[in-house]
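Commentary on secondary and tertiary structure
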Amino acid sequence: MAKSSVSFRDSIARFTSIARDIRGGKYAPVYLLMGEEGYFIDRLADLLATRVLTEEERAFNQITAYGKDSECGDIINFCKQMPMMGSYQVVILKEAQQLRGIDKLSLYTQAPSATTVLVICHKEKNIDKRSALYRHVSKIGVVFESVRPRDYEIGSWLADFVRSKGFGIEPKALTMLTDHLGADIAKISNELDKLTTYLPEGTPTITADHIEQNIGISKDFNNFELTRAISERNMKKALLIAEHFSRNPKHNPLLVTISTLFSHFQRIFIVNYQKWLSRNRGSAMPADAELARMLKIPSAFFLNEYKQAAALYPNKKVFVILGMLREYDMKSKGMNAGSASEGELLRELLMKIFLL
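All of these numbers come straight from a predicted model, not from anything done at the bench.

About the thresholds
Residues numbered from 1 in each chain as written. Predicted model: local features only at pLDDT ≥ 70, side-chain atom pairs only at ≥ 80, totals over all residues. Heavy atoms only, no water. Helix = DSSP H or I, 4+ residues; strand = E, 2+ residues; numbered from the N terminus. Contact = heavy atoms within 4.5 Å. Lys, Arg positive; Asp, Glu negative; His and termini not counted. Charge placed at Lys NZ, Arg CZ, Asp CG, Glu CD. Phe/Tyr/Trp six-rings, centres within 6.5 Å; stacked < 30°, edge-to-face > 60°. Lys NZ or Arg CZ within 6 Å of the ring centre and 35° of its normal. Disulfide = S-S within 2.5 Å. Pairing = 2+ DSSP bridges. Axes fitted to C-alpha atoms, helices over the stretch in contact; angles between N-to-C directions. Buried < 20%, exposed > 50% of the residue type's maximum accessible area, 1.4 Å probe, protein only.

Assigned secondary structure in the protein chain consists of 17 helices and seven strands. Expressed as lengths along the three principal axes of its C-alpha atoms, the size of the protein chain is roughly 75 × 50 × 50 Å. When contacts within the protein chain are restricted to residue pairs at least 6 apart in sequence, those whose partners lie at least 24 apart make up 76%. Averaging the locations of the 48 positively and 40 negatively charged side chains of the protein chain gives two centres separated by 6 Å.

This part takes up the side chain of T109. Turning to its location among the elements, T109 is positioned in helix α5 (residues 106–109). Contacts of T109, omitting those with residues within four sequence positions, involve V30, L133, H136, V137 and I140.

Moving on to the packing of aromatic side chains. Under the criterion given, the structure shown has 14 aromatic pairs. Every member of this aromatic cluster is reached through a ring pair, and the members are F8, F15, Y39, F40, F144, W157 and F161. Across the ring face of Y152, the terminal group of K296 is positioned such that the distance to the ring centre comes to 4.2 Å. When the ring centre of Y328 is taken as reference, the NZ or CZ atom of K331 above it lies at 4.6 Å.

Counting through the fold element by element, A59 comes out in helix α3 (residues 55–61). With 25 residues separating them along the chain, A59 and M84 place their C-alpha atoms 9.9 Å apart.

Bringing the state of the cysteines into the picture now. This model, assessed by the stated rule, comprises zero disulfides. Of the cysteine sulfurs around C79, a residue in no disulfide, the closest is that of C72, at 11 Å.

Bringing the sheet that holds strand β3 (residues 89–94) into the picture now. Taken together, five strands build an open sheet; the order of strands is β2-β3-β4-β1-β5 and the sheet is parallel. At either margin of the open sheet sits one strand with a lone partner, and together these are β2 (62–66) and β5 (142–146). Looking at each pair of strands side by side, their axes are set apart by 10° on average, direction ignored. One ladder, built from five bridges, connects β2 with β3; its direction is parallel. From the neighbouring strand, A65 faces β3, where its bridge partner is L93. Running at roughly 160° to β3, helix α4 (residues 72–80) makes contact with β2, β3 and β4 (116–123) of the sheet.

With that settled, the discussion passes to the pairing of β4. With seven of its eight residues buried, β4 lies for the most part within the structure. In the sheet, strand β1 (residues 30–35) pairs with β4 via six bridges, with the strands oriented parallel. What sits directly across from M34, in β4, is H122. Pairing of β3 with β4, which is carried by five bridges, proceeds in the parallel orientation. Considered in β4, the bridge of V91 is made with L118.

Structure (structure tokens):
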């Protein structure tokens, strides 16, 4: 199957458009919600489950089925029923990826009922785009492809998500969240939902202190502060953070820290390379906004750190450090690490970086 050309940004735009139509009372006869990122599939399914019918109508006209426990014939029969005491009935098929012979639903989707809204939630992967089911829904319904974000795409999405809840967020707080929670959108959403219920009324901006107090991520001992200490060649601070990590390995896994450091030094390499191009080929340094885009960071706020680090870590050193990080990535996975703990490996790695 060909690789999808849909990007995470495309998914967000499509999600926003579909959600707007649903809230506006514009419904399609069939929704095919598919892809690796389950969060947006669940949100659209929940929106349809609560918007199409009133609370009273749902008792008679809303059916939720699960792919593992259903047959295609059952789903088709549900969809062909007439609604009771209302204009629509809603049939929600969850875990559709577990439905045997799912393409048989095309027997229904080739001529769907005008009074039924069928919602197919197909997680983990896409339906074959060559199938009759996909072709039918593409013509008469709504197809949504939910793409999982890459690590560098989370920051901008999260900033927009926070704004949609009526808050701003400090750059450091944003980085603390993405560093700690990774690209797990559902987890990020849940943590933010909890956080916003605890914030005092009228709070305009989520700060690092808010994150520390309500989510439990230390504002002083995290990967954001570690990379900054390395950028400044502040060995004492870096080793203090490493010591904190060693005492809290569950919340600070070495594998995540090494991945963060790898991205950090890749960005330093890019800044150095752009400086080399400017110096040796007479080209101008990219504007800050363009350089931030090249580094795949959420805003130009962080550029000063990378510019400072580039002066302290020429690319000759960066190449060596990237090699070290690959070596310790393997050790963090148990290869040639001996009996060393994650904390010992991190301290050893940091000493090598600072003494280079």
